[in-house]
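Chain by chain, the residues:
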Amino acid sequence: MSDAPREIEALIEMMAKLPGLGPRSARRAVLHLIKKRGLLMNPLAEAMQAVAQTARECLNCGNISTGDVCPICTSEKRANGELCVVEDVADLWAMERSNVFKGRYHVLGGTLSALDAVGPDELRIPKLIDRVTSEGITEVILALNATIDGQTTAHYIADQLDGRVNVTSLAQGVPIGGELDYLDDGTITAALRARKSL
């Protein structure tokens, strides 16, 4: 504990719960916010209040939006038959940053995990299967992380959708600008197996 007033200490403790911030980083951030109260702290508090009141999960895909259904799901331009399945909203936003995918998304809310007792019903897999039928989906693109749980989830979904729709996954392997000497064995193996003609 420090000599900071209880309210400030409580703010530091709350900030320290954020990803990437420990107690020391949180303390520095709070001190900076206090120092720049008019420029940063007050607008930040107002923005956080607004988001706390308006942000909600899209009822269709699981994205974060300010309405019941997000703009991606309501856009007719995005209804091209492609559905990209991701683990969480951060993955959806990463895909959107690339500005390449023009279809719709489905956020699972995690991955299957026997150790953590996370089964298909704890995720949005039943909703995914319903959407494939109701939205006329022609391709499901599995954009799941290359972890054991991510790949287990991908195989489970592929099995559930077998014969209903074309199921693909993102390519895996050598990143652009990557040097083979710095890559792990699993990445090199995946890249070699996913090789293509030039």
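All of these numbers come straight from a predicted model, not from anything done at the bench.

A. Inspection of the nonpolar core at higher detail. In terms of nonpolar packing, the biggest core is built from 17 residues, with Val85, Ile125, Val132, Val140, Ile157 and Leu161 touching the most fellow members. Counting only elements with at least two residues in this core, the list comes to strand E3 (82-86), helix H6 (125-134), strand E5 (139-142) and helix H7 (148-161). Here the element with the most residues in this core is H6; it accounts for four residues. Setting aside residues no more than four positions away along its own chain, isoleucine 157 makes contact with Val85, Leu108, Ile125, Leu128 and Leu142. By size, the runner-up hydrophobic cluster in this structure holds 15 residues, among which are Cys61, Cys84, Tyr105 and Ile141.

B. Broad picture of the UniProt feature "domain: Toprim" (unreviewed entry) in the protein. This chain's UniProt record puts "domain: Toprim" (unreviewed entry) on residues 81-175. The distance from the first to the last C-alpha atom of residues 81-175 is 28 Å, and the span holds 36% helix and 18% strand.

C. Molecular detail of the UniProt feature "zinc finger region: C4-type" (unreviewed entry) in the protein. UniProt's entry tags residues 58-73 with the feature "zinc finger region: C4-type" (unreviewed entry), counted in the numbering of this structure. End-to-end, the C-alpha atoms of residues 58-73 are 9 Å apart, and along that stretch the chain is 19% helix and 12% strand.

D. Quick peek at the layout of surface pockets. Quantified by volume, the largest pocket comes out at close to 290 Å³. Along the wall of the largest pocket there are 14 residues; nearest its centre are Ala143, Leu144, Leu170, Ala171 and Gln172. Of all the secondary-structure elements, those providing two or more residues to the lining of the largest pocket are helix H5 (89-98) and H7. Here the element with the most residues in the lining of the largest pocket is H5; it accounts for three residues. In the lining of the largest pocket, the residues fall into nine nonpolar, four polar and one charged.

E. Local environment of helix H1 (residues 6-15). The complete set of buried residues in H1 reads Glu9, Ile12 and Met15. Along H1, the residues classed as buried sweep out an arc of 120° about the axis, all on the same side. In H1, the exposed positions angled more than 90 degrees off the buried face are occupied by Arg6, Glu7 and Met14. Buried residues belonging to H1 abut helix H2 (23-35).

F. Expanded view of the packing of aromatic side chains. Tallied over the entire structure, the rule returns one aromatic pair. Consider the rings of phenylalanine 101 and tyrosine 105, whose centres lie 5.1 Å apart with planes at 65°: the pair is edge-to-face. The residues phenylalanine 101 and tyrosine 105 share a single accessibility class, namely buried.

What counts and what doesn't
- Residues numbered from 1 in each chain as written.
- Predicted model: local features only at pLDDT ≥ 70, side-chain atom pairs only at ≥ 80, totals over all residues.
- Heavy atoms only, no water.
- Core = buried A, V, L, I, M, F, W, Y, C linked by side-chain atoms within 4.5 Å.
- Buried < 20%, exposed > 50% of the residue type's maximum accessible area, 1.4 Å probe, protein only.
- Helix = DSSP H or I, 4+ residues; strand = E, 2+ residues; numbered from the N terminus.
- Contact = heavy atoms within 4.5 Å.
- UniProt positions renumbered as here; feature names shortened; annotations may be inferred.
- 1 Å grid on protein atoms, 1.4 Å probe; cavity = no way out; pocket = protein on both sides within 12 Å on 5 of 7 lines; lining within 4 Å.
- Points joined across faces, edges and corners; volume = space filled by probe spheres on them.
- Nonpolar A, V, L, I, M, F, W, Y, C, P; charged D, E, K, R; others polar.
- Arc of directions from axis to C-beta.
- Phe/Tyr/Trp six-rings, centres within 6.5 Å; stacked < 30°, edge-to-face > 60°.

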